[in-house]
Amino acid sequence: MTKEERIIEALKNSTSIDQVTTWNEYQDGIRGDAYISRMEEFDELFSHLSPTDLLLNINTFDIRDRYFTCTIWGIDSSDDPGDWMDFEELAAEAAERNNDFYDSKIREILNS
(Lines give C-alpha, C1' and ligand atoms only; values in the text may rest on other atoms or scores of the structure.)
Protein backbone atom coordinates (compact mmCIF):
# COMPACT_ATOMS: atom_id res chain seq x y z
CA MET A 1 0.00 0.00 0.00
CA THR A 2 1.42 3.42 -0.97
CA LYS A 3 1.76 6.30 1.47
CA GLU A 4 -1.08 8.09 -0.29
CA GLU A 5 -3.36 5.07 0.09
CA ARG A 6 -2.44 4.76 3.77
CA ILE A 7 -3.15 8.48 4.32
CA ILE A 8 -6.54 8.14 2.63
CA GLU A 9 -7.37 5.14 4.81
CA ALA A 10 -6.26 6.97 7.96
CA LEU A 11 -8.39 9.99 7.07
CA LYS A 12 -11.46 7.90 6.33
CA ASN A 13 -11.04 6.13 9.68
CA SER A 14 -10.65 9.39 11.62
CA THR A 15 -13.44 11.08 13.54
CA SER A 16 -15.37 13.72 11.63
CA ILE A 17 -13.93 16.52 13.79
CA ASP A 18 -10.38 15.28 13.07
CA GLN A 19 -11.21 15.09 9.36
CA VAL A 20 -12.51 18.67 9.42
CA THR A 21 -9.45 19.93 11.31
CA THR A 22 -7.06 18.28 8.85
CA TRP A 23 -9.09 19.41 5.83
CA ASN A 24 -9.11 23.03 7.02
CA GLU A 25 -5.34 22.91 7.64
CA TYR A 26 -4.97 21.55 4.12
CA GLN A 27 -7.06 24.45 2.79
CA ASP A 28 -4.75 26.87 4.65
CA GLY A 29 -1.74 25.13 3.12
CA ILE A 30 -2.95 25.40 -0.45
CA ARG A 31 -4.62 28.78 0.05
CA GLY A 32 -7.95 27.14 -0.67
CA ASP A 33 -11.40 28.35 0.26
CA ALA A 34 -13.35 25.14 0.82
CA TYR A 35 -13.36 25.33 4.61
CA ILE A 36 -15.77 23.24 6.65
CA SER A 37 -17.34 24.62 9.82
CA ARG A 38 -19.42 23.25 12.68
CA MET A 39 -23.05 24.29 12.60
CA GLU A 40 -22.55 26.02 15.98
CA GLU A 41 -20.46 28.64 14.14
CA PHE A 42 -23.13 29.49 11.57
CA ASP A 43 -24.73 32.50 13.27
CA GLU A 44 -21.37 34.05 14.09
CA LEU A 45 -20.01 33.66 10.56
CA PHE A 46 -23.08 35.01 8.80
CA SER A 47 -24.38 37.62 11.25
CA HIS A 48 -23.38 40.40 8.83
CA LEU A 49 -25.78 39.16 6.11
CA SER A 50 -29.43 40.08 5.84
CA PRO A 51 -31.88 37.15 5.81
CA THR A 52 -32.48 37.77 2.09
CA ASP A 53 -28.77 37.75 1.23
CA LEU A 54 -28.32 34.61 3.28
CA LEU A 55 -31.18 32.80 1.54
CA LEU A 56 -29.83 33.77 -1.87
CA ASN A 57 -26.61 31.90 -1.06
CA ILE A 58 -28.09 28.65 0.25
CA ASN A 59 -27.95 25.53 -1.91
CA THR A 60 -28.85 22.49 0.16
CA PHE A 61 -29.10 23.25 3.83
CA ASP A 62 -30.55 21.55 6.88
CA ILE A 63 -30.04 23.21 10.26
CA ARG A 64 -30.08 19.74 11.86
CA ASP A 65 -26.83 18.81 10.08
CA ARG A 66 -23.59 19.05 12.04
CA TYR A 67 -21.41 20.80 9.43
CA PHE A 68 -21.63 23.39 6.68
CA THR A 69 -19.40 24.82 4.00
CA CYS A 70 -19.53 28.07 2.10
CA THR A 71 -17.88 28.23 -1.31
CA ILE A 72 -18.34 30.22 -4.48
CA TRP A 73 -21.21 27.83 -5.25
CA GLY A 74 -23.09 28.71 -2.08
CA ILE A 75 -23.78 27.33 1.39
CA ASP A 76 -24.38 23.62 1.90
CA SER A 77 -24.80 21.47 4.99
CA SER A 78 -24.19 17.81 5.79
CA ASP A 79 -23.77 15.42 8.69
CA ASP A 80 -20.78 13.92 6.86
CA PRO A 81 -17.98 16.41 6.20
CA GLY A 82 -16.43 13.80 3.90
CA ASP A 83 -19.07 14.84 1.36
CA TRP A 84 -16.88 17.86 0.54
CA MET A 85 -13.41 16.44 1.07
CA ASP A 86 -11.17 15.12 -1.64
CA PHE A 87 -9.09 12.67 0.37
CA GLU A 88 -7.08 11.66 -2.70
CA GLU A 89 -6.08 15.26 -3.40
CA LEU A 90 -5.14 15.87 0.25
CA ALA A 91 -3.14 12.63 0.42
CA ALA A 92 -1.26 13.45 -2.81
CA GLU A 93 -0.37 16.90 -1.50
CA ALA A 94 0.74 15.46 1.85
CA ALA A 95 2.96 12.82 0.23
CA GLU A 96 4.39 15.12 -2.43
CA ARG A 97 5.29 17.94 -0.05
CA ASN A 98 5.90 15.87 3.09
CA ASN A 99 3.22 17.97 4.80
CA ASP A 100 1.14 16.42 7.58
CA PHE A 101 -1.25 19.38 7.97
CA TYR A 102 -0.77 19.05 11.74
CA ASP A 103 -2.24 15.53 11.71
CA SER A 104 -0.19 13.07 13.78
CA LYS A 105 -1.51 10.05 11.85
CA ILE A 106 -0.36 11.57 8.56
CA ARG A 107 3.03 12.44 10.09
CA GLU A 108 3.46 8.86 11.25
CA ILE A 109 2.74 7.60 7.73
CA LEU A 110 5.07 10.13 6.12
CA ASN A 111 7.88 9.16 8.49
CA SER A 112 7.50 5.42 7.86
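Relevant structure appears above.
In this text the structure is predicted, and so the values were computed from the model without any measurement.

## A closer look at the pattern of salt bridges
Logical step 1: A complete count under the given rule lists five salt bridges for this structure.
Logical step 2: Residue arginine 64 pairs with aspartate 62 through a salt bridge whose shortest N-O separation is 2.9 Å.
Logical step 3: Of the residues examined, arginine 64 reaches a relative accessible area of 68% and is grouped as exposed.
Logical step 4: When its relative accessible area of 25% is taken as the criterion, aspartate 62 is described as partly exposed.

## Examining the nonpolar core
Soluble, globular proteins show a tendency: their nonpolar side chains are buried together.
Logical step 1: By size, the foremost hydrophobic cluster in this structure holds 18 residues, and its most contacted members are Ile7, Leu11, Trp23, Ile36, Met85, Leu90 and Ile106.
Logical step 2: For this core, the elements supplying multiple residues, two or more each, are α1 (3-12), α2 (16-30), α5 (87-97) and α6 (104-111).
Logical step 3: Filtering out sequence-adjacent residues up to four positions away, isoleucine 106 remains in contact with Ile7, Leu11, Thr22, Leu90, Ala94, Asn99 and Asp100.
Logical step 4: Judged by nonpolar contacts, the second largest core, of six residues, contains Met39, Phe42, Phe68 and Ile75.

## What to know about the sheet that holds strand β3 (residues 74-78)
Logical step 1: In spatial order, the strands read β1-β2-β3; together these three strands make up an open sheet with antiparallel pairing. Two strands close off the open sheet at either side, each with one partner strand: β1 (36-38) and β3. In this sheet, neighbouring strand axes are inclined to one another by 30 degrees on average, regardless of whether the strands run parallel or antiparallel.
Logical step 2: Its contacts with the sheet place α2 against β1 and β2 (67-71), and it is angled at close to 140 degrees to β1.

Conventions used here
Residues numbered from 1 in each chain as written. Predicted model: local features only at pLDDT ≥ 70, side-chain atom pairs only at ≥ 80, totals over all residues. Heavy atoms only, no water. Salt bridge = Lys/Arg side-chain N within 4 Å of Asp/Glu carboxyl O. Buried < 20%, exposed > 50% of the residue type's maximum accessible area, 1.4 Å probe, protein only. Core = buried A, V, L, I, M, F, W, Y, C linked by side-chain atoms within 4.5 Å. Helix = DSSP H or I, 4+ residues; strand = E, 2+ residues; numbered from the N terminus. Contact = heavy atoms within 4.5 Å. Pairing = 2+ DSSP bridges. Axes fitted to C-alpha atoms, helices over the stretch in contact; angles between N-to-C directions.

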